[in-house]
Amino acid sequence: METLVRGKYVFTDAALGPAGVLTGAAVLVSGSEIAAVGPYEALRRDHPQAALLGGPDCMVLPGLIDAHTHGRGLSFLQRGPGYDFLENALLDWAFAVDLPAELNAPLTALRHLRNGCTTLHHNEMGKVSDPDALAKAETALRAYRQAGIRAAYSPGIRDENFLAYDDQAFFATLPPHLQEFARPLVFFDKVKAREDYFALFEQLYAKWNGGLTRIFFGPSWAHGASDEYLLRVKERADALGGLPVHIHTLQTPIQRAYGLRRHGKSLLMRLNDLGLVDEHLTLGHAVYVDQADIELLAEKGASVTHHPSCNFAMRNGIAPVVPMVRAGVNVALGIDEKAFNDDEDAIGELRMIFYIHRLSGFDLEDTPALDPYQVIAMGTRNAARCLGLGDEVGALRPGTKADLITLDMAEMTADPWASPDLDPGLLFIHRARGRHVRDVLVDGQAVVVDGAVQTIDVEALYREVRACAEKGLTPAQRAYAERMREIKPYVQRWYRSWADFPREPFYAVNSRK
């Protein structure tokens, strides 16, 4: 079966800038792949029987890609606790209402698909030696396939520093009754935890890697992973042909301080010492990288996922994306379940990236800023590269997978007017919204048609989510959360003196004097 996807503007490849936008064009989809891209009239003449999507009032883009999320469906705001400094929130979130994987995964897929995301990366922040880990993972992966979304899945654990950074020393500061509670969170069988993790990975990789699904490594945090864990991840990833490795790194200033205190260097430099920094590595967040870190990332061909709204919500700061891009670092979009409007609107997140990196300065000719095509690339081809999918998705060209979206331009151009001379990239970045998504194709299949998701019964799913969430916490969950709340002031005191390292911000956003 052939489908012709028509647009007034067809964005073929953001790396080409304005030259990659075709006017009055279309994409011919045959089966699961793109067969041709070119002028609409010529393609329609040659393929008169092809089904038609889009139209002369549409934009056509590669499907957007969220290169960093956690598959939780409901945000932590919707679940109750909201957001604060990460080190506070990790304790507060114990009070968050939990949902099972059979609800989380389809809800995650729905929120992405209806906003134009055809691919997501689910980084699972797992518990050590969790007997239910395989069942939960397979439930999520099955739901993603049923929803028709392309999904990468990276299991992860922390085999150290679960409760606090430098956890054994922190443990000694707790009173006896809290030590009793915290002991199994700090002192557990690390060897068994790693063996269980790799057994889980091998089962998932053998059964699920292929088709719409990719399985790779996601050791949760650079500061939460032992040398033994990281070295074994890298060895196995290389043995499997160079799988991606995705790891949260330098998200907060306290994490930067920990690296300097524990290793005498940046956490990224520690990863480099272990041989992990190469073209297969992606850092989540990377807010507190320094100049040497950026140069290393560029030299090694590593990537970063940028989470603008999350970094604001979690009080992380602003990642130095402009210096990264100038250095040649591959930067990709990550929504991290904390979109600005709490809606997983990938288009809105791209706009956020575009806006927050428009720097002030005195040089009115050469103060750097990102152009719209650099930002669109972050949500398409750059993100595909992070997931090991760079040859398959992220651009519209013959032979690639038919993952693409159409956007209705009516509100962009006629509410009440926009200049017809406006560059299409600027029009998209400034005026497009997730609600403008009309059609979504994944692997050649129309999973959203005229704004309606075809693969999920939305009202039935919402009823189930509400019924489950309204049950609240179990007594055991509430007791655990209360203990975490008791520990919180000790964690806050633990980090209070850690700000004793030099800082020189990349971005000057204001001035005290």
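Reference entry: report on the structure contained in this document. (Residues numbered from 1 in each chain as written. Predicted model: local features only at pLDDT ≥ 70, side-chain atom pairs only at ≥ 80, totals over all residues. Heavy atoms only, no water.)

To continue, consider the layout of surface pockets. The volume enclosed by the second largest pocket comes to roughly 930 Å³. Taken together, 35 residues make up the lining of the second largest pocket; nearest its centre are Pro253, Tyr288, Asn316, Phe501 and Arg503. Breaking the lining of the second largest pocket down by element, the ones donating at least two residues are α3 (86–92), α10 (253–263) and α21 (475–495). A total of 5 residues in the lining of the second largest pocket trace back to one element, the largest contributor, which is α10. (1 Å grid on protein atoms, 1.4 Å probe; cavity = no way out; pocket = protein on both sides within 12 Å on 5 of 7 lines; lining within 4 Å. Points joined across faces, edges and corners; volume = space filled by probe spheres on them. Helix = DSSP H or I, 4+ residues; strand = E, 2+ residues; numbered from the N terminus.)

We now examine the environment of His112. The topology assignment puts His112 in helix α4 (residues 101–113). Discounting chain neighbours no more than four positions away, the residues touching His112 are Asp66, Thr69, Cys117, Leu120, Ile149 and Glu344. Engagement of the side chain of His112 in a polar contact is seen with the side chain of Asp66, the distance being 2.8 Å. (Contact = heavy atoms within 4.5 Å. Polar contact = N/O pair within 3.5 Å; in protein donor to acceptor, adjacent residues only side chain to side chain.)

It is worth spelling out the packing of helix α15 (residues 346–356) against helix α19 (residues 424–431) at this point. Packed helix pairs are specified by the crossing angle of their axes together with the interaxial distance, meaning the distance between the axes. Between α15 and α19, the shortest axis-to-axis distance is 8 Å and the interhelical angle comes to 105°. Looking at the two axes, α15 sits roughly perpendicular to α19. The segment α15 lies against α19, with Ile347, Leu350, Arg351, Phe354 and Tyr355 engaging Leu426, Phe428, Ile429, His430 and Arg431. For the contact of α15 with α19, the class distribution of residues is 7 nonpolar, 1 polar and 2 charged. (Axes fitted to C-alpha atoms, helices over the stretch in contact; angles between N-to-C directions. Parallel < 35°, antiparallel > 145°, perpendicular 65-115°, else oblique. Nonpolar A, V, L, I, M, F, W, Y, C, P; charged D, E, K, R; others polar.)

Within the largest apolar cluster, 148 residues are counted, with the highest numbers of intra-cluster contacts made by Met59, Leu271, Leu407 and Phe428. Residue contributions to this core peak at 8 residues, all from helix α8 (residues 190–208). Excluding anything up to four places from it in sequence, Leu407 contacts Asp57, Cys58, Met59, Leu61, Ile347, Met412, Phe428, Ala432, Arg433, His436, Val437 and Arg438. In this structure, Val5, Ala25, Ile34 and Val60 belong to the second largest nonpolar core, which totals 12 residues. (Core = buried A, V, L, I, M, F, W, Y, C linked by side-chain atoms within 4.5 Å. Buried < 20%, exposed > 50% of the residue type's maximum accessible area, 1.4 Å probe, protein only.)

Within the secondary structure layout, Thr249 lies in strand β10 (residues 245–249). The contact partners of Thr249, leaving out residues within four places of it in the chain, are Ala222, Gln255, Leu267, Leu268, Leu271, Leu283, Gly284, His285 and Ala286.

Cis geometry is found at the peptide bond from Asp415 to Pro416, where omega equals -5°. Look at Ala286: it is not a glycine, yet its phi comes out positive at around 50°. For Ala286, the location among the structural elements is in the loop between β11 (281–285) and α12 (291–300). Residues other than glycine seldom take positive phi values, yet Asp336 does so here, at roughly 60°. By secondary structure assignment, the location of Asp336 is in the loop between β13 (330–333) and α15. Given the relative accessible area of 3%, Asp336 is considered buried.

Relative to the elements of secondary structure, Glu344 occurs in the loop between β13 and α15. Not counting the four nearest positions on each side in its chain, Glu344 is found in contact with Asp66, Thr69, Arg111, His112, Asn115, Ile335, Glu337, Lys338 and Ala339.

Turning to the pattern of salt bridges, a few remarks are in order. A side chain with one charge can pair with a side chain of the opposite charge if their charged atoms come near. Considering all chains together, one arrives at 31 salt bridges under this definition. As a salt-bridge pair, Asp293 and Arg256 come within 3.4 Å of each other at their nearest N and O atoms. Taken together, the positions of Asp293 in helix α12 and Arg256 in helix α10 put the pair 37 residues apart, joining distant regions of the chain. There is no split in this pair, since Asp293 and Arg256 are both buried. Put simply, Glu411 and Arg435 hold a salt bridge, and the shortest N to O gap is 2.8 Å. Here Arg435 lies in the loop between α19 and β15 (437–442) and Glu411 lies in helix α18 (residues 410–414), a separation of 24 residues in the sequence. Under the relative-accessibility criterion, Arg435 is labelled exposed at 58%. Within this structure, Arg150, Lys401, Asp403 and Asp443 form a network of salt bridges that share partners. (Salt bridge = Lys/Arg side-chain N within 4 Å of Asp/Glu carboxyl O.)

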